[in-house]
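What follows is the residue order along each chain.
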Amino acid sequence: YSAFSTNAGANTGLQPVGTFTTVNSTPISAVSVTPAIGTGQAQAFTFSYSDPNGYQNTSGSQVLISPTASAVGQCYILFGRGTNQIALADDTGTNFTLAPLGGQTVLQNSQCSVFAANSYQSGSGTNLFLTLFLAFKPSFAGAKNLYAGITDNSGARSAFVQLGTWTVPA
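Anyway, here's the lowdown on the structure attached to this text. As the structure is a prediction and not an experimental result, all values here were calculated from the model.

The next subject is the nonpolar core. Residues Phe47, Tyr49, Ile77, Ile86 and Phe136 are the most contacted members of the largest nonpolar core, which totals 31 residues. Top element by residues in this core is strand β10 (residues 127-136). It accounts for five residues. In contact with Ile86, not counting residues within four places along its chain, are Ile77, Leu78, Phe79, Thr97, Leu98, Ala99, Leu101, Leu107, Val114, Ala116 and Leu132. One finds Leu64, Tyr76, Ala89 and Tyr147 within the second-largest nonpolar core, a separate group that totals five residues.

Structure representation (structure tokens):
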């Protein structure tokens, strides 16, 4: 709405001049992991992500299993929804090896192994689910945090959040 006044005091009153539609401002986010707490040498983890524009609007997600939010020397995994591929970072946290979900490849670094054959994605409505089957190396023993983040097709990224904890036995 807008109004116009003259110097002589005439006023049009509020008049409609156009429309404006608001956009859903709910941000994309990493929501949860199952199991969220536990101990073990191997585990299938299911990470849940939310995108208000639908899970098809999700381009990828990130998973980090680490005592801190650093990818160096940790179990750092990227997932590309459009390509249906996972990637595991090497020990430097910067170079990645790729494998298709459901394929026979086992991705490995000094901290963990990701079994592509047992890993998969699914989606429903606004929720994307990524299940990763992981085995941890004995040298990676100790308490770890389970972090996750998500990226949408426009390139927007969620905050990287801690969703749980896991202890790798010695």
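Next comes the rest of the description.
Our focus in this paragraph is the state of the cysteines. Under the definition given, this model contains one disulfide. Between the sulfur of Cys75 and that of Cys112 lies a disulfide, 2.1 Å long from S to S. Here Cys75 and Cys112 share a disulfide; its torsion about the S-S bond, 85 degrees, makes the bridge right-handed. On the criterion of sequence distance, the pair formed by Cys75 in strand β5 (residues 75-80) and Cys112 in strand β9 (residues 112-124) is long-range, its members being 37 residues apart.

Rules used throughout
Residues numbered from 1 in each chain as written. Predicted model: local features only at pLDDT ≥ 70, side-chain atom pairs only at ≥ 80, totals over all residues. Heavy atoms only, no water. Core = buried A, V, L, I, M, F, W, Y, C linked by side-chain atoms within 4.5 Å. Buried < 20%, exposed > 50% of the residue type's maximum accessible area, 1.4 Å probe, protein only. Helix = DSSP H or I, 4+ residues; strand = E, 2+ residues; numbered from the N terminus. Contact = heavy atoms within 4.5 Å. Disulfide = S-S within 2.5 Å.

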